[in-house]
Amino acid sequence: MDWESIFSNTLESAIGRDAMVFALAAIGLNLHFGYTGLLNFGQAGFMAVGAYGVGITVVEFDAPLWVGVIVGIVGAVGLALLLGLPTLRLRADYLAITTIAAGEILRFIFRAAEFRDFTGGSNGINGFARDFTNANPFNGDFELWLISFSATQMWYLTVGWALVLLSVLLIWLLTRSPWGRVLKAIREDEDAVRALGKNVYAYKMQSLIVGGVIGSLAGMMLAISARSVQPDNYGTPTTFFAYACLILGGAATIWGPVVGSMIFWSIMAFTENLLRQLVENDHIPDSIMSGVQVGQVRFMLMGLGLALLMIFRPQGVFGDRREIALTTR
Amino acid sequence: MTETTPSPNTGFTRIRVDAFEDVPEQPGARKPDPILVVESLTRRFGGLMAVDVDHLEFQRGAITGLIGPNGAGKTTLFNLLTGFDKPNTGTWSFNGRPMRGLSAHKVAQAGMVRTFQLTKALSRLTVMDNMKLGATGQTGERFFPSLVRSRWRGQEKAIEERAEALLERFNLHHMRDEFAGALSGGQRKLLEMARALMVEPELVMLDEPMAGVNPALAQTIIGHVRDLAADGLSVVFVEHDMDVVRTVSDWVVVMAEGRVIAEGRHASIVTNPEVIDAYLGRHHGTPLDPAEQERQLAEAQAEIEAELEAEERAREQEGA
Ligand SMILES: Nc1ncnc2c1ncn2[C@@H]1O[C@H](COP(=O)(O)OP(=O)(O)OP(=O)(O)O)[C@@H](O)[C@H]1O
Ligand SMILES: [Mg+2]
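Each chain carries its own residue numbering, running from 1 in the direction its sequence is written. Ligands are numbered from 1 and chains lettered from A, in the order in which they are written. pLDDT decides what is reported in this predicted model: residues at 70 or higher carry local features, side-chain atom pairs at 80 or more are listed and counted, and totals for whole chains, interfaces and linings draw on all residues regardless. In computing side-chain properties, one takes all heavy atoms of the structure into account and sets aside hydrogens as well as water.

Enquirer: Teacher, can you tell me more about the overall build of chain A here?
Expert: In this text, helices come from DSSP runs of H or I with a minimum length of four residues, and strands from runs of E with a minimum of two, each type numbered from the N-terminal end. When helices and strands are counted, chain A shows 15 helices and four strands. As defined in this context, the radius of gyration uses C-alpha atoms, and a globule is described by 2.2 Å times the residue total to the power 0.38. At 20 Å, chain A has a C-alpha radius of gyration in line with the 20 Å of a compact globule built from 329 residues. For chain A, the spread of C-alpha atoms along the principal axes amounts to about 65 × 55 × 35 Å. Throughout, exposure labels follow a simple rule: accessible area from a 1.4 Å probe, protein chains only, divided by the maximum for the residue type, with under 20% read as buried, over 50% as exposed, and the rest as partly exposed. Counting only residues that meet the buried cut, chain A has 53% of its 329 residues in that class. Working rule for contacts: check all heavy atoms of both residues, and any pair within 4.5 Å makes them a contact. A separation threshold of at least 6 residues defines the contact pool for chain A, and within that pool the share at least 24 residues apart is 74%. Areas reported here follow the Shrake-Rupley algorithm with a probe of radius 1.4 Å; residue values treat only the protein chains shown as occluding. On chain A, roughly 14200 Å² of surface is accessible, and the fraction owed to carbon and sulfur atoms is 64%. Only four residue types enter the tally: Lys and Arg on the positive side, Asp and Glu on the negative side, with His and both chain ends excluded. Charge positions are represented by NZ for Lys, CZ for Arg, CG for Asp and CD for Glu. Across chain A, the centroid of the 21 positively charged side chains sits 13 Å from that of the 24 negatively charged ones.

Enquirer: Looking at this structure, how should I read the environment of Ala242 of chain A?
Expert: Residue and element names in this part refer to chain A. Residue position: Ala242 is located in helix α12 (residues 236-249). Using a relative accessible area of 0% as the deciding quantity, one classes Ala242 as buried. Sequence separation between Ala242 and Gly50 is 192 residues; the distance between their C-alpha atoms is 16 Å. Filtering out sequence-adjacent residues up to four positions away, Ala242 remains in contact with Phe22, Ala25, Ala26 and Leu29.

Enquirer: Explain the coordination of the magnesium ion (ligand 2) to me, please; I cannot follow it from the model alone.
Expert: The expected angle between donors at a tetrahedral four-coordinate metal is 109.5 degrees. At an octahedral six-coordinate metal it is 90 or 180 degrees. Residues and elements named next belong to chain B. Because no water is among the atoms considered, metal sites can look incomplete, with donors defined as N, O and S atoms within 2.8 Å of the metal, or 3.2 Å for Na, K and Ca. Thr75 (OG1) and Gln117 (OE1) make up the full set of protein donors to the magnesium ion (ligand 2), lying at 1.9 to 2.1 Å. Taken as a pair, Thr75 in helix α1 (residues 74-81) and Gln117 in the loop between β8 (112-114) and α3 (127-133) lie far apart in primary sequence, 42 residues in all. Taking relative accessible area as the criterion, Thr75 reaches 27% and is therefore assigned partly exposed.

Enquirer: Where do I start with the site of ligand 1 in this structure?
Expert: Residues and elements named next belong to chain B. Taken together, 13 residues form the shell around ligand 1, and within it Asn70, Lys74, Thr75, Thr76 and Gln117 come nearest. N or O atoms within 3.5 Å of each other form a polar contact, as long as, within protein, one can give a hydrogen and the other can take it, and as long as residues adjacent in sequence are counted only when both atoms are side-chain atoms. Between ligand 1 and Ala72, the relevant distance is 3.1 Å, taken from an oxygen atom to a main-chain nitrogen or oxygen of the residue. In isolation ligand 1 exposes 640 Å². Once the protein is present, 61% of that is buried. Listed by contribution, the elements that provide at least two residues to the shell around ligand 1 are β4 (48-59) and α1. The criterion for a residue being near a molecule or strand is simple. One of its heavy atoms has to lie within 4 Å of it.

Enquirer: I'm lost on the sheet that holds β4 of chain B in this one. Help?
Expert: Within a sheet, adjacent strands bond to each other through the backbone by hydrogen bonds, running parallel or antiparallel. Residue and element names in this part refer to chain B. Read from one edge to the other, the open sheet built from four strands follows the order β4-β3-β6-β7, with strand pairing classed as antiparallel. Either end of the sheet is taken by a strand with one partner, and the two such strands are β4 and β7 (97-98). When DSSP finds two or more bridges between a pair of strands, those strands are recorded as paired. Strand direction decides the pairing type here: strand β3 (residues 34-45) and strand β6 (residues 89-94), joined by five bridges, are antiparallel. Of the residues in β6, the one forming a bridge with Leu36 is Phe94. Fitted lines through C-alpha atoms give the axes, limited to the stretch in contact for helices. The angle between two N-to-C directions lies from 0 to 180 degrees. Of the strands in this sheet, β3, β4 and β6 are in contact with α1, which crosses β3 at around 115°.

Enquirer: I keep staring at the packing of aromatic side chains and nothing clicks. Help me out?
Expert: The geometry of an aromatic ring pair comes down to the distance between the two centres and the angle between the two planes. All names here are of chain A. Within 6.5 Å between ring centres, the rings of Phe, Tyr and Trp (the latter by its six-membered ring) count as paired, and their orientation is classed by plane angle as stacked under 30 degrees, edge-to-face over 60, tilted in between. For the structure on display, the rule yields 20 aromatic pairs over all chains. A connected cluster of aromatic rings, assembled from ring pairs, spans Phe22, Phe241, Phe264, Trp265 and Phe299. Two limits define a charge over a ring: the Lys NZ or Arg CZ must be within 6 Å of the ring centre, and within 35 degrees of the ring normal. A cation over an aromatic ring shows up here: Arg176 above the ring of Trp172, its NZ or CZ 4.6 Å from the ring centre. For the cation-ring pair, Arg298 lies above Phe299, with the distance from its terminal atom to the ring centre recorded as 5.1 Å.

This is the structure in structure tokens:
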């Protein structure tokens, strides 16, 4: 058993690409779901719009990367308006249905052969990250204790985590303000908020836009760090991973989505590495589990872990147990 | 005619001119200074006419009790007037301003604030945050200014002071930092009322503000309702308890099956045969004196309870 590699892989995952990307996605969801009570099941759609906004703008239109970033953000605002205008006046479940469908529709459009000239079809888009790579100030590998990252990794991780911190700052400023108070009140009972003279519809729209834009940043960072946009990275499971991160860390808390994502991906790495070594060293016989099943089994363990969390700590890592108790009254 | 009412909360005696002196006691009666005027308002749910009001005026500065049997359309009328539901036909004006088509938040901003039959405490907000939410025109509630605390800090402070005073008055001050979800049913009613006052309305519409609270607290709430009128607010409230209606309201409007069937002072309402019909059904013969009414109600109640028990027993046997 190589415990050192298990731990180093786990640590690297805690601050690695997936943790960073899903922290961003979950921060956006936190504003939607945690603070406003909006059930957005299409966060992957917002991520896809960010990613393809960058990819298409840079590769097909030869524009610089920063233009692509703006296009991605504007696209996310547009998607939020498109989804929100018809549904935010309706009951909460309509938004859930619409967003989950819209996310899938977007994915199918992006991977459709008909639009291959723009989107690259199921192959996706490559070669749009040159501006980003060229701006890399790091050179040589980075090593610290058990962790090692390449210069490329260091660069996108630095930018990505900086975006995470900026988003956290934004959410903190927003949610401590009277604006955030209105959002939380809408989560509790929107009719009561209406009766007090607040334009609930406008607030829900603002929340959907801001959280969606943060989601699009997650998509951009995923694309830029992988130097490729793959349509199937933006499927519904991506949305639910982001939800898992959020709930793990604690919805409606400032750091919940960030720490939740770090925990989620380190557990994923830990279980995978542990299982793989156990199988390789014949601690687990082939009759129970083979090496190729490690990927599936770690998801089972993750699911079990989440179920246990819901039983013993439903408020997540950072949540306030008193608040959860109130919702069941 | 002048009327003197001892106000239970202040101990002062309130003397005022009776605005209803020349108002005829009949449905649709014109008032000297109406704050809210309703014109041919209807709302249909499928085949059911839930609200069908020809003409109805609410007097400014008065406490109007809105009564009627279950399903009479009182809540639906509230929903229509406050923008929570859309009528099939009809118009209404508040302070002379036409209100039809205005969304609920615009109605509240115009100065007409309602509470709900099923109390809506915002559970995972503190009592204080519930209160602060009620204040209108907050700079910090706009997206970009909210990011800069210095833009809204001063206003927030002023709002907090106003909220403190109201919480004190409604005897909720000791709960200010608790989650509203931790309040008792009665305290939630108080909070909802206090929160509505944060909007600084001219007209408050209370849907059964005393339902389900203990008699002592009901008395307190009655006192608060009176104080609102004493402060110059107009009040419309729905209530089933006739004793309460008698002690608080200056004027009573009776609804049944969507229509306004009677209007007047409490004394004339309780002897009005139409009203008794509406409450006790059409075919009961001669008008009843209160004692007889009480007896019949008790009888009906006993019957219903017996029926429920029989059902319960039947269900238990099925289960066994
Ligand atoms: N959304 C709705 N859909 C269908 N029917 C409705 C709806 N809302 C109310 N009704 C019906 O309209 C009628 C009036 O209901 P409403 O709630 O206004 O009565 P109410 O006078 O407030 O009664 P209560 O004293 O029991 O509160 C009832 O028959 C009710 O069943
Ligand atoms: Mg009602």
